[in-house]
Amino acid sequence: MERQIYFDHAATTPLCKEALDKMLPYFTDVFGNPNSQHAFGRESVKAVDEARDIIAKIINAKPNEVYFTSGGTEGDNWALRGVAHAYKDKGNHIIISPIEHAAMLSTAKALAKEGFKISYMKVDNEGVVDLDHLRSIAKEGTIFIGCMMANNEVGTIEPIKEIAKIAKDCGAVSFTDAVQAAGVLKIDVKELGVDLMSMSAHKIYGPKGVGALYIRNGVKVQSILTGGHQERMKRGGTTNVAGIVGFAEAFKIADRDLEKNFNYVSGLRDRFIDRVLAEVPFVKLNGPRENRLPANADFSFEFIEGESILFSLDLAGIAVSSGSACSSGSLEPSHVLLALGLPEALAHGSIRFSFGKHNTIEEVDYAVEKIKEAVQKLREMSPLFKAEGEIKYV
Ligand code: PLP
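These numbers come from a predicted model, not from an experiment. In this convention, every chain numbers its residues from 1, walking through the sequence in written order. In keeping with the predicted nature of the model, local features appear solely for residues at pLDDT of at least 70, side-chain atom pairs appear and are counted solely at 80 or more, and the whole-chain, interface and lining totals rest on all residues. With hydrogens and water set aside, each side-chain value is computed from the structure's full complement of heavy atoms.

Peer 1: Explain the site of the ligand residue by residue, including any values.
Peer 2: Whether a residue is near a molecule or strand depends on its heavy atoms: if one lies within 4 Å, it is near. In the vicinity of the ligand lie 13 residues, with Gly72, Thr73, Asp177, Ser200 and Lys203 positioned nearest. At 2.6 Å from an oxygen atom of the ligand is found a side-chain nitrogen or oxygen belonging to Ser200. For the ligand, an oxygen atom lies 2.6 Å from a polar atom in the side chain of Lys203. Here, Shrake-Rupley sampling with a 1.4 Å probe gives the accessible areas, and only protein chains in the shown set may cover a residue. Alone, the ligand offers 390 Å² of accessible surface; in the complex the protein occludes 86% of this. Here the element with the most residues in the shell around the ligand is helix H3 (residues 72-86); it accounts for three residues. Put simply, Ala, Val, Leu, Ile, Met, Phe, Trp, Tyr, Cys and Pro go in the nonpolar bin, Asp, Glu, Lys and Arg in the charged bin, and everything else, Gly too, in the polar bin. Counted by class, the shell around the ligand contains two nonpolar, eight polar and three charged residues. Side-chain atoms alone can form a polar contact between residues adjacent in sequence; in general such a contact is a pair of N or O atoms within 3.5 Å, and within protein one must be able to donate a hydrogen while the other accepts it. A run of DSSP states H or I qualifies as a helix once it reaches four residues; a run of E qualifies as a strand once it reaches two. Both are numbered from the N-terminal end.

Below you can see the structure in the form of structure tokens.
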């Protein structure tokens, strides 16, 4: 196979060897259903309890505040829908950020159809929540205030402690989606003061299809998956023992190596950002320069569709992601970039690069050369560049 470079770690990461080794026995030898009343079941219960303890300790929660889920999407759905339904007698006002993941935005839309009123906090042109605006719209009857800890597209890190305080002051439940942050940034749920927090394993070298929702004791969250008595009667469904074991192991390693990985990956990112800004004309870095996830670099390339760059880089063996969602044949501009105030044309031309602990400086430098080539070639073919570029810039 030709050279392959993976710069899409915000989409998913490879499973780490340590997590795989921990998981393997739970597919075969230790296969009992934790709900069974016999020795096979008890062995699985032990593994799940240990995993719960590990995760609780990392985020400074109590083990009985950690509920395993099928990943970030379920955690987001459960938090928002579960709180809305549990507190509907208290109020019907929900506040979220406009740059949330689709798991939140689409759930909010569905709740609006049920009669809940949804407000969106303002964000500035780097994606940071405007706390004064949030304070001005949080009121009696607001039952839920939710904002992601770090944005998956532009990497912005949000002031979650302040947001949780505003929620507390108006009597709302606070939630943060930490899918991109858990295992990357140090998280202490007590210190942050959040009531609920969703996490996912596959962003931190754990398995896909498993995650957890932190629910602070005393906060009411209605179940969305009803069935058996799993997860202390709150989430039905046979427990994903191997996945949970793998999640805990991956999280443990991510937490152990957090500082080392942060420094290494942000070093790659900084070199990449500096070189692209210096060597590629008509390019805009989306999101803040400093206050962003260590792995994230997101650029809008003027006069070119993001997808065209993505395909050119794919041909060169470099895997990246475009901000626009390609759904049913129509290319929508990124809702995140539009919320940051980018014009549609720039919101169409964005590419997200997300680095990982196995990437190298040499890969970064190789990618910069390939980007320069791809961008130049695509602009030569772009009528937009010829029309506007000649007048404005060339
Ligand atoms: N929230 C954020 C911020 C994400 O980036 C993602 C995945 O990309 C999700 C939620 C969904 O997580 P999962 O893939 O575990 O369902």
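Back to the text.
Peer 1: I'd love a proper account of the environment of Val241, names of residues and values included.
Peer 2: Structurally, Val241 is set in helix H9 (residues 241-256). Placed 118 residues apart in sequence, Val241 and Asn359 show a C-alpha to C-alpha distance of 31 Å. Those residues in contact with Val241, other than ones at most four positions away along the chain, are Tyr26, Gly32, Pro34, Ser44, Ala47 and Val48. Here, residues are in contact when the closest pair of their heavy atoms is within 4.5 Å.

Peer 1: For the packing of aromatic side chains, give the residues involved together with the corresponding values.
Peer 2: When the centres of two rings from Phe, Tyr and Trp lie within 6.5 Å, Trp using its six-membered ring, the rings pair. Their planes under 30 degrees apart give stacked, over 60 give edge-to-face, and anything left gives tilted. Going through the model one piece at a time under the given rule, you end up with twelve aromatic pairs. The interplanar angle of 5° and the centroid separation of 5.7 Å between the aromatic rings of Phe247 and Phe251 together place this pair among those described as stacked. Within this pair, Phe247 and its partner Phe251 are both found in helix H9, separated by four residues, close to a single helical turn. Residue classification places Phe247 among the buried positions, given a relative accessible area of 1%. For every residue, the accessible area (1.4 Å probe, protein chains only) is compared with the maximum for its type, and the residue is labelled buried under 20%, exposed over 50%, or partly exposed between those bounds. On the basis of relative accessible area, Phe251 is assigned to the buried category, the value being 2%. Between the aromatic rings of Phe272 and Phe355, the centroid separation amounts to 5.2 Å while the plane-to-plane angle is 70°, which identifies the pairing as edge-to-face. Here the residue Phe272 occupies a position in helix H10 (residues 258-279), and Phe355 occupies one in the loop between strand E15 (350-354) and helix H14 (361-381), the gap between them amounting to 83 residues. The class for Phe272 is buried, based on a relative accessible area of 0%. Its relative accessible area of 2% is what places Phe355 among the buried residues.

Peer 1: Can you explain the sheet that holds strand E7 (residues 196-200)? Please cite residues and give values.
Peer 2: At least two DSSP bridges between two strands are needed for those strands to be called paired. Taking strand neighbours across the sheet as the criterion, the seven strands line up as E2-E8-E7-E6-E5-E3-E4 in an open arrangement whose pairing is mixed. The open sheet has two free edges, formed respectively by strand E2 (66-69) and strand E4 (117-120), since each of these has just one partner strand. Taking the axes of each pair of neighbouring strands and ignoring which way they run, one obtains an average angle of 20° across the sheet. With five bridges connecting them, E7 and strand E8 (residues 211-215) associate as antiparallel partners. Between N-to-C directions, angles cover 0 to 180 degrees, with each direction set by a line fitted to C-alpha atoms, over the stretch in contact for helices.

Peer 1: Got a sec to walk through the side chain of Ser198? Specific residues and values, please.
Peer 2: Inspection of the secondary structure puts Ser198 in strand E7. Apart from residues lying up to four places away in sequence, Ser198 is in contact with Gly72, Gly75, Asp76, Phe175, Thr176, Asp177, Ala178, Val179, Ala212 and Leu213.

Peer 1: Describe in detail H3, supporting the description with residues and values.
Peer 2: The span one expects for a helix is its residue count, reduced by one, times 1.5 Å. Between the first and last C-alpha of H3 there are 20 Å, a value that for 15 residues agrees with the 21 Å anticipated at 1.5 Å per step. Counting buried residues along H3, eleven of its 15 residues qualify, which places the element largely inside the surrounding structure. Taken together, the buried positions of H3 are occupied by Gly72, Glu74, Gly75, Asp76, Asn77, Trp78, Ala79, Leu80, Gly82, Val83 and Ala84.

Peer 1: Can you explain the pattern of salt bridges? Please cite residues and give values.
Peer 2: Whenever a carboxyl oxygen of Asp or Glu lies within 4 Å of a side-chain nitrogen of Lys or Arg, that contact is scored as a salt bridge. Summed over the entire model, instances satisfying the criterion amount to 24 salt bridges. With a closest N to O distance of 3.6 Å, Glu50 and Lys46 form a salt bridge. Of this pair, Glu50 and Lys46 both sit in helix H2 (residues 39-59), four residues apart, which is roughly one turn of the helix. In this structure, Asp274 and Arg289 form a salt bridge, with 2.7 Å as the shortest nitrogen-oxygen distance. With Asp274 in helix H10 and Arg289 in the loop between strand E9 (283-286) and strand E10 (296-301), this residue pair connects regions lying 15 residues apart in the sequence. Here Asp274 falls in the partly exposed class, since its relative accessible area comes to 44%.

Peer 1: Got a sec to walk through the side chain of Ser354? Specific residues and values, please.
Peer 2: For Ser354, the position within the fold is in strand E15. For Ser354, the side chain forms a polar contact with the main-chain nitrogen of Ala10, separated by 2.8 Å. Those residues in contact with Ser354 that lie beyond four places of it in its chain are Phe7, Asp8, His9, Ala10 and Ala295.

Peer 1: Describe the domain arrangement of the chain, naming the residues involved and giving the relevant values.
Peer 2: Note that the domain bounds were set by an automatic or database domain assignment. Once the domains are mapped, the chain shows domain 1 (5-13 + 257-381) and domain 2 (17-256). Here domain 1 and domain 2 have C-alpha centroids that lie 27 Å from each other. Here domain 1 packs against domain 2, burying approximately 2,600 Å² in sum over the two surfaces, 53% of which is carbon and sulfur. Run the count over domain 1 and domain 2 and you get one salt bridge. Note that Asp257 and Arg256 form a salt bridge whose closest N and O atoms lie 2.9 Å from each other. Where domain 1 meets domain 2, there are 21 residue pairs in polar contact (both at pLDDT 80 or more). Going through the elements one at a time, H10, E10, helix H12 (335-339) and E15 are the ones with two or more residues in the side of domain 1 that touches domain 2. Of all the elements, H12 adds the most residues to the side of domain 1 that touches domain 2, at four residues. Buried area: the accessible surface (1.4 Å probe) lost by two parts on joining, summed over both.

Peer 1: Describe the nonpolar core, listing the residues and the values that go with them.
Peer 2: Counting 62 residues, the largest nonpolar core has Phe68, Ile145, Ile187, Met197, Met199, Phe247 and Phe251 as the members making the most contacts within it. Counting contributing residues per domain, this core is built from domain 1 (5-13 + 257-381) and domain 2 (17-256), each supplying no fewer than three. Once residues lying within four places of it in the same chain are set aside, the contact partners of Ile145 are Ile95, Met121, Leu134, Ala138, Ile163, Ala167, Cys170, Ala172, Val173, Ser174 and Phe175. In terms of nonpolar packing, the next biggest core, distinct from the first, is built from 29 residues, Phe272, Ile309, Phe355 and Val375 among them. Nonpolar core, defined: a set of buried Ala, Val, Leu, Ile, Met, Phe, Trp, Tyr and Cys residues in which side-chain atoms within 4.5 Å join the residues together.

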